[in-house]
Amino acid sequence: MEAGAIKKTIVLKGIGVSPGIVNGRAYLFNCQDLPTTYYKLDTKVLVSKEVKRFRNALKASSRELLEIKERISRKEGIEPLFVDIHIMILKDKMFIRETVENIRERRVNAEWALKLTLVKYRDIFKKMGDEYIRERINDVEYVSERILRNLSGKSCEKISDIEEEVIIIARDLSPADTIQINTEKVLGFATDIGGKTSHTAIVARSMEIPAVVGLERVARQIQTGDHVIIDGTAGVVIINPDPEILKRYEDKKKHYQIMAKNLIRNAALPAVTRDNYRVEIGANIEFVEEIPSAVSHGTDGVGLYRTEFIYVNKEQLPTEEEHFLNYKRVVSDPGLKWATIRTFDLGGDKFVSDPRLAEEMNPAMGLRAIRFCLREVDLFKVQLRAILRASIHGKTKILFPMISGVAEIREAKKILCDVKEELRNEGVPIDENIEIGIMIEVPSAVMMADKLAEEVDFFSIGTNDLIQYSLAIDRVNERVTYLYEPLHPAILRLIKHVVDAGHDAGIKIAMCGEMAGEPFYSLILLGLGIDELSMTPLAIPRMKNIIRAATLKESKNLLDTVMSFSMVKEIEEYVRSYMVKRFPEDFPINNASYR
Ligand code: PEP
Ligand code: MG
């Protein structure tokens, strides 16, 4: 291109995983793909030398990761779980054996042997039903790249060394990279790879840096120094924006900044309607590292700790002590009034490496959650012991997932009672009055809500699964997402039935599915009488803001009106037009987040 020539504006659409708009100069991080060499090894001596070279590269990679781990611990005061996962992959016996066998049997160089292993792993992960586990291939790819770099003798670029104000563009960023970003310098990032539930996305949200992932080719379309805009809210990246686009985005950015500032400024205020109806606000967390963000976004407590994430990517089951330390950290956090710890929602598609779980035809309806725990009682008891031990360090509630009827909750309670007794006999202090709740996410539990309410202290409605099971929509099948409708009249009736049954029995009703954090549904949820809404931390300020501007009376009126409709389309249109008119600032007409 001639000097001074105007570069073409390119707009790319990806997945916005961390909101906000930034604009600045691009910096390509570690993007130069290492060419994978291929050569044959003619003699046995060369083969053994190659195996040694591979093992040395593993050692060098391990040293680097330990160094990163130490740096993060020193800087952030936390033990970075992500780095541990990468170290674990480096030590994974199957991963090493496969590569060494490739070198020995195929007599190829270590780089090529490693690539062959990676191809095999990609295949295995592609077949995983659970999106979260599928995305863990990114961790394997990341580790492989580090090994390849060490094989090549080239040093790895360190993200923490970036000292200019830039927007990072990369094929992929590992969570370990992301957590080391100097947020005063790095304005945001965009990557080719990744999805909403990747660790990297979670870290970006908690560090509050705008990020777009899953762009597929961004690292090939941008050069260091190019001007880029990242819109993490809309999931858009604009390369070399023309002056008009730039001006539009500057305005949009100012608008977001004012909104975000106002929202965060008020985040600590309680979610009380103008007519004095208070809703408790909880945060959904998967990792303890998310707690600071949850607190700064104004949560009252943790409404859902998805403890199964402690297991993901682990070769061995966590010990009682590991569980305990995790739970203690959550319940004793001074910023949280309470923490609801959900026992593992584990099984079928979520469990990675334990041979006790067979592959299932339909994992969503298989040996999952409480069913799995009631089958594997010893494993269940380890977790219950840890939760009970942690319960004296702060207000703790236990939540059992996927309860489908009274027999299941009685069985779970019996095991809990046995564990309490064991601990008492050992002289271990516990909170004797720990609250017990169940997830209402199976339609049979909705129908039995009156009887179930007699068994527990609270309900938490898991709309993600409740919608999946009631409308017969596989929540991970993108071909039927258009049918995944929280405002379906059947869903509203199911929720109302649960709330009424629970309230008649004098217990509180929480909601922790994604529906609870969608501002468009806020008035409907208020009208339904939900006592606690638990959501991803970033959603909290906006949700609270709307609740504070609304009244319970208008919410009940809105709900009454939509309950008389018989089709989801009518309800959606009515709610949309009501919310847009009532809260024009919060819902600009073309809000992309609304279906
Ligand atoms: C739900 O089903 O709504 C829920 C919150 O649980 P999960 O998304 O972990 O299944
Ligand atoms: Mg669920």
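Everything here concerns the structure above.
Residue positions are given per chain, counted from 1 along the sequence in the order it is written. A letter from A marks each chain and a number from 1 marks each ligand, given out in the order of writing. pLDDT decides what is reported in this predicted model: residues at 70 or higher carry local features, side-chain atom pairs at 80 or more are listed and counted, and totals for whole chains, interfaces and linings draw on all residues regardless. Processing note: side-chain calculations cover all non-hydrogen atoms of the structure and skip hydrogens and water entirely.

Caption draft 1: Structural detail: the coordination of the magnesium ion (ligand 2). Counted as donors are N, O and S atoms no farther than 2.8 Å from the metal, or 3.2 Å for Na, K and Ca; water is not among the atoms, and sites may therefore look incomplete. Ligation of the magnesium ion (ligand 2) by protein atoms is provided by Glu 441 (OE) and Asp 465 (OD), these donors lying 2.1 to 2.2 Å from the ion. A residue pair is termed long-range when its members are at least 10 positions apart, and Glu 441 in the loop between β14 (435-440) and α16 (443-447) and Asp 465 in helix α18 (residues 463-471) qualify at 24 residues. Burial classes follow relative accessibility: with a 1.4 Å probe on protein chains only, a residue under 20% of its type's maximum area counts as buried, one over 50% as exposed, and anything between as partly exposed. Under the relative-accessibility criterion, Asp 465 is labelled buried at 2%. Counting from the N terminus, the helices are DSSP H or I runs at least four residues long and the strands are E runs at least two residues long.

Caption draft 2: Fine view of the nonpolar core. Core analysis: the biggest nonpolar cluster contains 102 residues, and Phe 400, Phe 459, Ile 461 and Leu 533 have the highest contact counts within it. Residues in contact with Phe 459, not counting those within four places in the same chain, are Ile 438, Ile 440, Ala 449, Leu 452, Ala 453, Val 498, Gly 502, Ile 507, Lys 508, Ile 509 and Ala 510. Core analysis: the second largest hydrophobic core is formed by 53 residues, Phe 95, Ala 110, Phe 125 and Ile 137 among them. Here, the term nonpolar core denotes a set of buried Ala, Val, Leu, Ile, Met, Phe, Trp, Tyr and Cys residues that are joined through side-chain atoms within 4.5 Å. By the convention used here, residues are in contact when the closest approach between their heavy atoms is within 4.5 Å.

Caption draft 3: Inspection of the side chain of Glu 141 at higher detail. Take Glu 141: it is sitting in helix α6 (residues 137-152). Classification of Glu 141 by relative accessible area gives buried; the value is 14%.

Caption draft 4: Quick peek at the environment of Asp 504. Note that Asp 504 resides in helix α19 (residues 489-504). Of the residues examined, Asp 504 reaches a relative accessible area of 72% and is grouped as exposed. Sequence separation between Asp 504 and Asp 450 is 54 residues, and the spatial gap between their C-alpha atoms is 8.0 Å.

Caption draft 5: Highlighting the environment of Leu 148. Examined against the element boundaries, Leu 148 turns out to sit in helix α6. Along the backbone, Leu 148 and Ala 110 are 38 residues apart, and their C-alpha atoms lie at a distance of 8.6 Å.

Caption draft 6: Seen up close, the pairing of strand β12 (residues 339-342). Here β12 shows no split at all, with Ala 339 and Ile 341 on one side and Thr 340 and Arg 342 on the other all buried. As paired strands, strand β11 (residues 301-306) and β12 are joined by three bridges and run parallel to one another. By the bridge assignment, Arg 306 is partnered in β12 with Arg 342. Strands pair, by our definition, only if DSSP identifies at least two bridges between them. Strand direction decides the pairing type here: β12 and strand β13 (residues 396-400), joined by four bridges, are parallel. Bridge pairing in β13 places Ile 341 opposite Ile 398.

Caption draft 7: Region of interest: the sheet that holds strand β8 (residues 236-239). With respect to topology, eight strands assemble into an open sheet ordered β1-β8-β7-β3-β4-β5-β6-β2, the strand pairing being mixed. Both edges of this open sheet fall to β1 (10-13) and β2 (15-18), since each of them pairs with a single strand only. Recorded for the sheet is a direction-independent mean angle of 30 degrees between the axes of neighbouring strands. Here three bridges tie β2 to strand β6 (residues 211-213), and the two strands are oriented antiparallel to one another. Of the residues in β6, the one forming a bridge with Gly 16 is Val 212. Helix axes are fitted to C-alpha atoms over the stretch in contact, other axes to C-alpha atoms as well, and angles between N-to-C directions run from 0 to 180 degrees.

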